[in-house]
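Residue-level structural notes
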Amino acid sequence: MKVIKNRGMHLISKRIHIVIDPTTISSANDADLILISHAHVDHIKNVEKINPLKIMSRPTFDLLSSNLKQNCKITNFKIIEPYSCPEDEINIQGCKISAFHAGHCLGSFQFRIKLNNKTILYTGDFCLESRFGMSKAPLLKCKNGIFITDDTYFSQEYVFPTRKTLYPKILNWFKETLEENEEIIIIAQRLGVQQEITALLNYSTLSCSLITHPSIYKANEIHSSYLPLGKFQYKSHPLENKRKIRNLTSYFNSKSGNGTYKSSNSKSVILLPYYYIRKIRELEAKYSKNSIMVATGWAKTQNFGVKSFPLSSHAGYDQILNYQKYSQAQKTFFF
Ligand SMILES: [Zn+2]
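Considerations on the overall build of the protein
What the protein contains, in helices and strands, is eight helices and 17 strands. Computed over the C-alpha atoms, the radius of gyration of the protein is 21 Å, within 12% of the 20 Å expected from 2.2 N^0.38 for a compact globule of 335 residues. C-alpha extents for the protein along the principal axes are approximately 65 × 45 × 30 Å. Looking at the protein as a whole, 54% of its 335 residues are labelled buried. In the protein, 62% of the contacts between residues at least 6 apart in sequence involve partners at least 24 apart. The protein carries 44 positive and 26 negative side-chain charges, and their two centres are separated by 3 Å.

Have a look at this one:
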């Protein structure tokens, strides 16, 4: 069996060609079977145009479907449940597939594939720690098999503090910052970290309204249909019209802005997706610099010019190494 990384991870045997997390239509349509680990765009694109049978979790299906244009839908798919007994294993052309939580975002799965007497373990993006709003990834073995994993933070400087250390620091920052500001801005990954922050704030004793960017609102709503995150709201806000407004500063300064909103609570926390990292200077023109926070693993090495915490949905360097060792795999690939 061959393992090839080419816009997705290809497992090619005489019997079957599987692609895990294809990022182009052409790399996907060459295969017999597609496995989708989670709904982030760097792992799956144009799912509605991919022909072969696609296996994914129910939440991943919901999240991907919610991003499709009207009249588009995902066809030829099969939902896989997290493995709890041998009946949960899916057998396709003699290839046995089971799924396990990956702890990375709603619906994220690891896949264990048994093919030609070999076990292949694909972790997808994963997190081994318990977090607000998500189940952690279990460690799995693939003795003498193939371990395929995430190298996003596979470098020594990315050893992240535990949630037990981070959560009190983050909550303390929220408390102090809310005392001095009416509004706080949080920039983090739309799917994954922002649901963790939503749940963390809702289960804290802090009194504030959570205002979400539309894309986060959608992810939060789907997440809450599986596991309640608590209260959050979506209100008309200038920042949501990102496609129409090129320059936020000029928008904020203009009198015709129609996006003003009034929160029911005097203090608000506004959750924005990660790409707002490029708009920090524009945000600073509207909000106090001290009221902006970025939550990402990159905070270990990057200075964003505002407060940041290394709160990540990914495993850090030490977790990746530990998992690789635990797996007892013969060979490791990074996707
Ligand atoms: Zn991801």
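Still more ground to cover, so stick around.
A word on the sheet that holds strand β13 (residues 209-212)
Pairing in this open sheet of five strands is parallel, and the strands run β13-β14-β12-β15-β16 from one edge to the other. Of all the strands in the sheet, just β13 and β16 (307-309) have a single pairing partner and so form its edges. Pairs of neighbouring strands in the sheet enclose a mean axial angle of 25°, with direction left out of account. As paired elements, strand β12 (residues 183-188) and strand β14 (residues 268-272) share five bridges and run parallel to each other. By the bridge assignment, I186 is partnered in β14 with L271. Packing of helix α3 (residues 163-180) onto the sheet brings it into contact with β12, β14, β15 (292-295) and β16, and relative to β12 it is tilted by some 145°.

Considering the sheet that holds strand β17 (residues 331-334)
Each strand in a sheet pairs with its neighbour through backbone hydrogen bonds, running either in the same direction (parallel) or in the opposite one (antiparallel). Taking strand neighbours across the sheet as the criterion, the six strands line up as β7-β8-β9-β10-β11-β17 in an open arrangement whose pairing is mixed. Looking at strand neighbours, the two that pair on one side only are β7 (90-92) and β17, the edges of this open sheet. The mean angle between the axes of side-by-side strands here comes to 20°, regardless of whether they run parallel or antiparallel. The sheet contact formed by β7 and strand β8 (residues 95-101) spans three bridges and is antiparallel. What sits directly across from N91, in β8, is K96. Contacts between helix α8 (residues 317-327) and the sheet are confined to β9 (109-115), β10 (118-122), β11 (146-149) and β17, with β11 contributing the most and set at about 160° to the helix.

Thoughts on the nonpolar core
When a protein is soluble and globular, its nonpolar side chains tend to lie buried together. Ranked by internal contacts, the top residues of the largest apolar core, which has 25 residues, are I18, I20, L35, I97, F111, I113 and I148. Those elements that place two or more of their residues in this core are β2 (9-12), β3 (17-20), β4 (33-35), β7, β8, β9, β10 and β11. Ignoring any residue separated from it by four or fewer positions in sequence, one finds I18 in contact with M9, H10, L11, A31, L33, L35, C95 and I113.

Let's talk about the coordination of the zinc ion
Protein coordination at the zinc ion: the donors are H38 (NE2), H40 (ND1), H104 (NE2) and D125 (OD), at 2.2 to 2.3 Å from the metal. Coordination at the zinc ion is irregular, judged from the four donor atoms that bind it and the angles of 90 to 171° they form at the metal.

Describing α3
With 18 residues, α3 ought to run about 26 Å at 1.5 Å a step, and its terminal C-alpha atoms sit 25 Å apart, in line with that. Considered for burial, the residues of α3 that qualify are R163, L166, Y167, I170, W173, F174, T177 and L178. On an axial view of α3, the arc spanned by its buried residues comes to 130°, and they lie on one face. Set apart from the buried face of α3 by more than 90 degrees, the exposed residues are K164, K169, E179 and E180. In the core, the buried residues of α3 are packed alongside β12, α4 (193-202), β14, β15 and β16.

Topic: the environment of K2
Within the fold, K2 resides in strand β1 (residues 2-5). Separated by 15 residues in sequence, K2 and H17 have C-alpha atoms that sit 9.5 Å apart. The contact partners of K2, leaving out residues within four places of it in the chain, are H10, L11 and I12.

Observations concerning the confidence of the model for the protein
Looking at the protein, the pLDDT average stands at 91 and 91% of residues meet or exceed 70. The model gives residues 245-249 a pLDDT under 50, and that stretch makes eleven contacts with residues more than four places away or in other chains. Here residues 251-263 is modelled with pLDDT under 50, and outside its nearest four sequence neighbours on either side it reaches 26 contacts, counting other chains as well.

Here we look at the pattern of salt bridges
Tallied over the entire structure, the rule returns eight salt bridges. Here E89 and K114 are joined by a salt bridge, their closest N and O atoms 3.8 Å apart. You can see E89 sitting in the loop between β6 (77-79) and β7 and its partner K114 sitting in strand β9, a full 25 residues away along the chain. The exposure class of K114 is partly exposed, given its relative accessible area of 34%. The network of salt bridges with shared partners includes E129, R131, R163 and E196.

A look at the packing of helix α2 (residues 58-66) against helix α5 (residues 214-226)
For the pair α2 and α5, the least separation of the axes is 10 Å and the interaxial angle reads 155°. In this view, α2 runs roughly antiparallel relative to α5, as classed from their interaxial angle. You can see that α2 and α5 cross each other, and the crossing is right-handed. Across the interface between the two elements, R58, P59, D62, L63 and S66 from α2 touch K218, A219, I222 and Y226 from α5. Considering only residue class, the contact of α2 with α5 consists of five nonpolar, one polar and three charged.

Calculation rules
- Residues numbered from 1 in each chain as written.
- Predicted model: local features only at pLDDT ≥ 70, side-chain atom pairs only at ≥ 80, totals over all residues.
- Heavy atoms only, no water.
- Helix = DSSP H or I, 4+ residues; strand = E, 2+ residues; numbered from the N terminus.
- Rg over C-alpha atoms; globule rule 2.2 N^0.38 Å.
- Buried < 20%, exposed > 50% of the residue type's maximum accessible area, 1.4 Å probe, protein only.
- Contact = heavy atoms within 4.5 Å.
- Lys, Arg positive; Asp, Glu negative; His and termini not counted.
- Charge placed at Lys NZ, Arg CZ, Asp CG, Glu CD.
- Pairing = 2+ DSSP bridges.
- Axes fitted to C-alpha atoms, helices over the stretch in contact; angles between N-to-C directions.
- Core = buried A, V, L, I, M, F, W, Y, C linked by side-chain atoms within 4.5 Å.
- Donors = N, O, S within 2.8 Å, 3.2 Å for Na, K, Ca; no water.
- Tetrahedral: all angles 85-135°; square planar, octahedral: opposite > 155°, others 65-115°.
- Expected span 1.5 Å × (residues − 1).
- Arc of directions from axis to C-beta.
- pLDDT = per-residue confidence, 0-100.
- Salt bridge = Lys/Arg side-chain N within 4 Å of Asp/Glu carboxyl O.
- Parallel < 35°, antiparallel > 145°, perpendicular 65-115°, else oblique.
- Left-handed = near helix turned anticlockwise from the far one by under 90°.
- Nonpolar A, V, L, I, M, F, W, Y, C, P; charged D, E, K, R; others polar.

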